[in-house]
Every structure is written in C-alpha cells, then in structure tokens.
Amino acid sequence: MARPTKVYAPILWLTIAFILGIISVGYFQFTVPIPIIISFAILLSILSFGTKTGYKSVAILFAFFALGFARMELDSIRPATHWTNFKYVRSVRGIISNFPEYSENRWSAEMKLISVHNGEQFMPSSGNIRIYFREPEKSLAYGQLWEFSTAPMSIEHKTGNYYKYLKRKNIDGIIWTTAEQSMLLDEDRGNILLRKIIAPLRNKITMAVMNSLPGERGALLEGMLLGGGRKLSPQTKSFFADTGVIHILAVSGLHIGIIAFALLWLLRTKIKLSYIWSVGIMVIILMGYSLLVQLRPSVLRASIMMVFLLSAPLVHRKSNPLNALAAAGLFILLFRPTDIYSPGFQLSFAAAGGIIYLFPRISAFFDRDLIIRKNISARALQLILVTISAQLGTAPIAIFHFNKFQLIAPISNFFIIPVVMPVISAGFIGAIIWMIIPSVGKTILSIDGLLLDYILFVVKTLSKFPYSFIPIAKPLLTAIFGYFIFVFIGINIIWHRTWKTIVPASIGILLILTGMSNSLHRIYFPAVDGSAVYIS
C-alpha cells in the first residue's frame, strides 16, 4: 500500500479560523465594536513577528478568527436608511438585481430598493426584497426600475427553512404584487455588462434549449447548462436527489472542469496560444460563466480553485488543491459571509474536500498507481472511488439538511457521469449555433436529447430500487463534527500505518454516538404517495 504524502495547507487553517469567527457571532449574544475587533486582529498579527513559530501560528489564527467575527458583525449592521427603519412605508421603488424566473403564471425576482414613500414623499432607502409578480405589464428583466404601491412584509422574525434561505441571501422582505399595484419606470439600470450581454445570452440559451427540446429533456439540459433545474417537475427532481446525482443540476466543479480543460485544450493545441494567454482567456470566460449562472457558490468555488491551480506554474509554484480550495472559501466568505450557512456552499466544499483529501488515500489502498492509470478498468474504478470520496465528505451535511443517505449514489454516478461532458459540450455548441443557424443548432440539440433520455431513464430506474436511499433523522452538530474527525483524521491509521491518530479517531466515534443518541429514535419512512410516516 502506498503512503500518500503529508498535506501542507496553511490557508486551510486560516480559513477554518475565519469560519469559526463567522459562526461564533450567531452563538454569542454580545456586540463588540468592529474597530476594536479589527484593531485586535492587527495587533495580534504585528505581535506575531519575531516570535517562535508556535506562538506566531496561534496569534495569526486568532487574528483571522477576529476578522471573521468582525466581517459577520459588519454584515449584520443595517444603514439608517434601511427600509425597515421607516415607521410607515406606503410604496417602494427598486431595481431588479437578478435574473427573474417565470413559473406557474408568476414571476419571481430580487429587487434592490432605492427609495420608499413614507406617506409624504419618496425618501432614499436601501435593502433587498423578494418580489412575486402576477401578470405584469411587461416581462421582468434584470436592470428594470419598478415602483410598487404596497409595503414589503418583513421577514426579520420569521422562522422556517424558506425564510432562512432568504436571510442567507440578505433579503429582508417579500412583496406579492400585480399589474394594478405596479409601474415600470425605467429599463436601463443596473450593471451594463449583465444587462446588455449576460442576461440576453442567458435568455437565448434558454430559448434555444426549450424550443429544440420541449418537455423534461429541455428542462434537464437547461438545468445542466445554467443551474437549478427549476423547470423540471418535482417528481423528476426527487429522482435525481434520491439517486445522488442532483449535483449535475447545480453547475458544480464538474461543469467548470469540463469547460476549463476543453478551453485549455482548444487554445493550446488547436489555436497554439502560449500558456499565459490561454489561462488569461480561460479566466475571463470562467468569470463570464459564473455571472451567467448568477454566482452560485459551487461555481465560484470551482472557478476560483481553477484559477489558483492553473496560475501556479506562472509564478513557478507547485499547485496545492487543498490550499486552493481553502483560498476559494476564504475569498467567497469575505464578500458573502452568510454563505457559510448555505447547503449549496457546504456541500460543494465538502465534496471537493473529500475528493482532494480522501480519493488519493482510498486509491492508494487499492493500487499505488491507480490515479495515473488510463485503461478502462482503472478509469471505472477511479470514477467509483471519486464518487465514494465525495459522498464521504458530504454525507453528514446531506443528512442534516435533507434527512437521507443515498446508498445507490456510486452506481448511479458510474452510469451518468461519463455522459455529462458530451451532454454539456453538445448543449453549449448547439445553443450557440442555434443563435446563428437555428436549423443546425436544433439538430445538434436533438441529438443531445438522446443522451438526456438516457440520463432520465437511469435516474428513474435506479430510484425504484428498494433502499436506494435511507431516511435518517437530523443529527446534532456534535455528531457531524465527530464524523469529520473520524473520517479525515482517523483514516491515517490505515494509510500512514500509524496509531498516532487513534485518540482523535476515538473522540470522533464518541461524538458521533452522543450526537446521534437524541435522534436515533426518530425514523422517517417514505410512503407510496410521497408523504412520510413518522415513528418515535
């Protein structure tokens, strides 16, 4: 058995300290002035110079913890002009700040407020509102300025998963409105790049796909290209979730990897550009694609990681995937600290961490040269082990949020992952050609539809298998923490042939048992009609 090299990832520890600082804001009910926190962090960093390595590391970790705390505190401060600070709001004006979606005869979008009417006049204001709009005079689009003669409903004291989701996106209220309560004031607001290029391109891709592939096939391809899969029926979505392949609808690292390496191959081997020019063009295209899919956490994580990894040779450095993963997380949380509570953020980073850290160790257990082998049997085993590694990384998080563990995931991924690259490649090529020569583009997309039929057949078939997933009650956070200790630290008992990690591994098992003891008596069994039976 080969021994994997030891992991050196200093940015990982800094990111963990920063995350703990963010999380601690929600657990400690006291407020510290942000200038004091930042001054404390700077002071610790200054005092660390010239000290011993151990003290220096501790000081820097505490400094990043303080910075994480300060960043979350800063995010929770509302300006004096925030709409919730007005005693009375009769109407509001705001700019559509995302790409609106249409479903069930209703538009939904996010709006950035610019002013509110306090009963006497419009006053400058701020805040983010979720709007649900039936029968507007014109289809909603990014950059439109609307006036609504109704007051938003504040969600500050609302509970439930939906309201938690809105709060994570810094949305403060909700408006339900109709054409009678609205007025379109302007259509040329917002970022000109998003308004003139990204939004029209997104709409044309959707039109190309849905016109060429109506029904479930078009909804699936649109979800795979642009993320979300909102046009898929709830039942079809459940097939993907139950078989552990819902990630192909999330625009994840798999998509970014396909785009990046396809571009790199094209630019380097066909166009014959230098490496630095190829990486530069690829970075620009990845930035554009991230905007196209609305800066989803999984896309940002994969794009930033790809930039770090491919830029390493330019500065004569050896690429470090774990460091790149941590740097991507730190970068995202600096701008959007509430993403730490997003299931998409957690699952994306946990899956990537599982693949980066666990896959080489599990592969080494089977064959020391498995990672570099290229024959069919080795490729098949690699695919299964990558899926298992990702599932080991995400298992407790998926159980915590969705109360299920997909036993059939390695099998379903084995059959589906190999066709994802040709589906996405043909989808983009067909959509782009459709914008120029519709008949040719439609033909390419129709051929792509055969692979989409295959994906739908596989997920629908495998979801019918008994025990394709196991329903599990939500574990406590201590069980999740113990699981990661046991898996990511305890695994070295086998791979490094050492018993030095037996103590933390034992602590991990103890935390798992204590964390699950309060939830093992709650079991959910899915019923035939889609509901569930609760047994205590």
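Residues numbered from 1 in each chain as written. Predicted model: local features only at pLDDT ≥ 70, side-chain atom pairs only at ≥ 80, totals over all residues. Heavy atoms only, no water.

**Section: the pairing of strand S3 (residues 106-117)**
Within S3, nine of the 12 residues are buried, which leaves it mostly tucked inside the rest of the structure. The sheet contact formed by strand S1 (residues 91-96) and S3 spans six bridges and is antiparallel. Among the inter-strand pairings, Ile96 is bridged to a residue of S3, identified as Met111. Bridge count between strand S2 (residues 101-103) and S3: three bridges; the pairing is antiparallel. Bridge pairing in S3 places Ser103 opposite Arg106. Hairpin connection of S2 to S3: two residues between the antiparallel strands, including Glu104 at a positive phi of 55°. As judged from the six bridges shared by S3 and strand S5 (residues 128-134), these two strands associate in the antiparallel manner. Among the inter-strand pairings, Trp107 is bridged to a residue of S5, identified as Phe133. Here S3 runs beside strand S4 (residues 122-124); their pairing, made up of three bridges, is antiparallel. Within S4, the residue paired with Ser115 across the bridge is Pro124. Once S3 ends, the chain turns through four residues before running back antiparallel as S4, passing Gly119 with a positive phi of about 100°. (Buried < 20%, exposed > 50% of the residue type's maximum accessible area, 1.4 Å probe, protein only. Helix = DSSP H or I, 4+ residues; strand = E, 2+ residues; numbered from the N terminus. Pairing = 2+ DSSP bridges.)

**Let's talk about the confidence of the model for the chain**
Overall, the prediction assigns the chain a mean pLDDT of 81, with 83% of residues at 70 or greater. Ranking the helices and strands of the chain by mean pLDDT puts S1 first, with 94, and strand S13 (residues 532-535) last, with 42. For residues 520-536, every residue scores under 50 in pLDDT, and the model assigns this stretch 23 contacts once sequence neighbours within four places are set aside. (pLDDT = per-residue confidence, 0-100. Contact = heavy atoms within 4.5 Å.)

**Some remarks on the packing of helix H5 (residues 192-212) against helix H6 (residues 216-226)**
Interhelical geometry of H5 versus H6 gives an angle of 150° and a closest axis separation of 9 Å. Put simply, H5 runs roughly antiparallel to H6. Considering the relative orientation of H5 and H6, their crossing is right-handed. Judged by residue contacts, Arg202, Ile205, Thr206, Val209 and Met210 of H5 engage Gly218, Ala219, Leu221, Glu222, Leu225 and Leu226 from H6. (Axes fitted to C-alpha atoms, helices over the stretch in contact; angles between N-to-C directions. Parallel < 35°, antiparallel > 145°, perpendicular 65-115°, else oblique. Left-handed = near helix turned anticlockwise from the far one by under 90°.)

**Looking at the packing of aromatic side chains**
Applying the stated criterion to the full structure yields 13 aromatic pairs. Look at Phe133 and Trp146: their rings are 5.2 Å apart centre to centre, the planes differ by 75°, and that puts the pair in the edge-to-face class. Taken as a pair, Phe133 in strand S5 and Trp146 in strand S6 (residues 145-148) lie far apart in primary sequence, 13 residues in all. Judged on exposure class, the residue Phe133 and its partner Trp146 are both buried. Among the aromatic residues, ring-to-ring pairing joins Phe133, Trp146 and Phe148 into one connected group. Between the NZ or CZ atom of Lys404 and the centre of the ring of Phe469, over which it lies, the distance is 4.5 Å. Sitting over the ring of Phe400, Lys474 keeps its end group 4.8 Å from the ring centre. (Phe/Tyr/Trp six-rings, centres within 6.5 Å; stacked < 30°, edge-to-face > 60°. Lys NZ or Arg CZ within 6 Å of the ring centre and 35° of its normal.)

**Some words on the pattern of salt bridges**
For the coordinates displayed, the defined rule picks out 13 salt bridges. Linking Lys404 and Asp242 is a salt bridge whose minimum nitrogen-to-oxygen distance equals 2.6 Å. Here the residue Lys404 occupies a position in strand S10 (residues 404-406), and Asp242 occupies one in helix H7 (residues 234-242), the gap between them amounting to 162 residues. The exposure class of Lys404 is buried, given its relative accessible area of 17%. (Salt bridge = Lys/Arg side-chain N within 4 Å of Asp/Glu carboxyl O.)

**Considerations on the environment of Thr387**
Relative to the helices and strands, Thr387 is located in helix H13 (residues 376-402). The spatial distance from the C-alpha of Thr387 to the C-alpha of Ala351 is 9.0 Å, given a sequence separation of 36 residues. What Thr387 contacts, discounting residues up to four positions off in sequence, is Ala409, Pro410 and Asn413.

**Digging into the pairing of S6**
Neither face of S6 is open: one carries Leu145 and Glu147, the other Trp146 and Phe148, and all of them are buried. Of the pairings in the sheet, the one linking S1 to S6 comprises four bridges and is antiparallel in character. Bridging across to S6, Val92 finds its partner in Phe148.

**Thoughts on H5**
Its 21 residues give H5 an end-to-end C-alpha distance of 30 Å, which sits within 8% of 30 Å, the value for a rise of 1.5 Å per residue. Along H5, the sharpest change in direction is near 30° and occurs at Ile198; proline Pro200 comes one to four residues later. Among the residues of H5, Leu194, Arg195, Ile198, Ala199, Arg202, Ile205, Thr206, Ala208, Val209 and Ser212 are the ones counted as buried. On its buried face, H5 sits against S2, H6, helix H9 (275-292), helix H14 (409-436) and helix H15 (438-462). Sitting at the amino-terminal end of H5 is Asn191, which places a side-chain oxygen 2.8 Å from the backbone nitrogen of Leu193. (Expected span 1.5 Å × (residues − 1). Bend = angle between axes of the 7 residues up to and from the residue. Polar contact = N/O pair within 3.5 Å; in protein donor to acceptor, adjacent residues only side chain to side chain.)

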